[in-house]
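For reference, the chains in residue letters:
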2 protein chains.
Amino acid sequence: MSGHDSVQLGRPRADIDATVFAAALRSVRALGYAGATMDRIAAEAGIAKSTIYRRWPSKGALIVDCLIDAFGPLPVSDGGLEVIARDAVRWIAARIAQPGVGAAFAGVFSDAVSDPALRDLLLNRFQDPYRIVLQNVTGLPEQRVLLFVDLVVGTLLHRLGMTGRPMTEVDVRSLTDVVVAGLRSAS
Amino acid sequence: MSGHDSVQLGRPRADIDATVFAAALRSVRALGYAGATMDRIAAEAGIAKSTIYRRWPSKGALIVDCLIDAFGPLPVSDGGLEVIARDAVRWIAARIAQPGVGAAFAGVFSDAVSDPALRDLLLNRFQDPYRIVLQNVTGLPEQRVLLFVDLVVGTLLHRLGMTGRPMTEVDVRSLTDVVVAGLRSAS
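Quick caveat, the model's predicted, so the values are computed rather than measured.

A few words on the overall build of chain A. Check the secondary structure of chain A and you find nine helices and zero strands. In terms of overall size, chain A behaves like a compact globule, its C-alpha atoms giving a radius of gyration of 18 Å where 187 residues would be expected to give roughly 16 Å. For chain A, the spread of C-alpha atoms along the principal axes amounts to about 55 × 40 × 30 Å. With 187 residues in all, chain A has 53% of them scored as buried.

Rotating chain B by 180° and translating it 0.0 Å along the rotation axis places it on chain A, where the RMSD comes to 0.0 Å. Interpreted geometrically, this transformation is the action of a two-fold axis. Using C-alpha coordinates, one finds that chain B approaches the rotation axis most closely at Gly154 of chain B, a distance of 2.0 Å. Both copies share a contact surface, since 100% of the interface residues of chain B are interface residues in chain A too.

All names here are of chain A. Residue-level pLDDT values for chain A average 90, and 94% of them are 70 or greater. In this model, residues 1–8 is a region of pLDDT below 50 whose contacts with residues beyond four sequence positions or in other chains number eight contacts. Two summary scores accompany this predicted model of the complex, namely pTM at 0.90 and ipTM at 0.88.

All names here are of chain B. Contact geometry of helix α1 (residues 13–35) with helix α4 (residues 59–71) gives a least axis separation of 10 Å together with a crossing angle of 115°. The two elements α1 and α4 cross, and the hand of that crossing is left-handed. On α4, the residues that touch Val20, Phe21, Ala24, Leu25, Val28, Tyr33 and Ala34 of α1 are Lys59, Gly60, Leu62, Ile63, Asp65, Cys66 and Asp69. Class assignment for the residues of the contact of α1 with α4 results in ten nonpolar, one polar and three charged.

This brings us to α1 of chain B. Between the first and last C-alpha of α1 of chain B there are merely 26 Å, a value that for 23 residues lags more than 12% behind the 33 Å anticipated at 1.5 Å per step. The largest bend in α1 of chain B amounts to roughly 90° and is located at Arg29 of chain B.

Core analysis: the biggest nonpolar cluster contains 131 residues, and Phe105 and Phe148 of chain A together with Phe105 and Phe148 of chain B have the highest contact counts within it. Ignoring sequence-local partners within four residues, the contact set of Phe148 of chain A consists of Ala85, Ala88, Val89, Leu134, Val179 and Leu183 of chain A.

The rules behind the values
Residues numbered from 1 in each chain as written. Chains lettered and ligands numbered in written order. Predicted model: local features only at pLDDT ≥ 70, side-chain atom pairs only at ≥ 80, totals over all residues. Heavy atoms only, no water. Helix = DSSP H or I, 4+ residues; strand = E, 2+ residues; numbered from the N terminus. Rg over C-alpha atoms; globule rule 2.2 N^0.38 Å. Buried < 20%, exposed > 50% of the residue type's maximum accessible area, 1.4 Å probe, protein only. Least-squares fit on C-alpha atoms with pLDDT ≥ 70 in both. Contact = heavy atoms within 4.5 Å. pLDDT = per-residue confidence, 0-100. Axes fitted to C-alpha atoms, helices over the stretch in contact; angles between N-to-C directions. Left-handed = near helix turned anticlockwise from the far one by under 90°. Nonpolar A, V, L, I, M, F, W, Y, C, P; charged D, E, K, R; others polar. Expected span 1.5 Å × (residues − 1). Bend = angle between axes of the 7 residues up to and from the residue. Core = buried A, V, L, I, M, F, W, Y, C linked by side-chain atoms within 4.5 Å.

So, in structure tokens, the structure goes:
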């Protein structure tokens, strides 16, 4: 927690968010996505469960906001399709490699398969802002950008699930080559 | 259940397996992966929980065997790299689109991120036999085949998680084009 002063009574909201997100990622790291219950996250954060539930109605909703915070805005260059794609793959790979982030992501999107409300959050709050930026900077149609996101994120998460480790630098480069070759051949 | 006779006392093992696998997929479909507990699967199958636990020590182990059964052997042609890759993508997509199979797959591999024992099962019992066949028929090196599997399975599962539906025929064709172009450019 930062030591900055606040004129509000109690702790400022951004401060609570940061504390809860960090606790969520630590809990997922230690216990896995399924084991990181709202109870455990609240205890890890040292924040009352009622406070957490006032802010996020479910674990899925909390993890989606936690991912949005951990990913942050996509940095985009204007170096043309290939440079943009290479930068984006590297950026996504680095984020998924952050401790707890990949496991939280894999967990929430697997829950979303059977949970339409969570899927809406993932799609509209998390994925769509990136999709829109990527469409704007690349000029690619929506279906093409969605396939790019599936290819990159899906591959990185599948590798994480199968090996327990983020993809190596060499394999990230191979992934980038395949995706760029595919985008180039089809656009 | 099939009506065939058996000389064994009680039900033959293959019969129990088929009943439990079908119950597992129905449970995952109805309740999601997290909700499909061993209790629910046993009740759905009408088989004693102790019988199921004698055969599979954990839900993850059961789901891995269920996936092995649902996928079955990979049919391979000898039409060269591109034909093999196209056939494999279509075959994997059709399997992941089977009711319950995609959700079970996404669930077990997300659990595997934080469970080394489950990861071993997934990798050695489920993925490796396919990897070996693909290496033999394509002549591609191991790292290349692993990337192919991550790309195809990861993309299909990510799409399923984000949309709640299997990938459309048109998008499967786009995925195939990208993967084939990528393999071609790099091999």
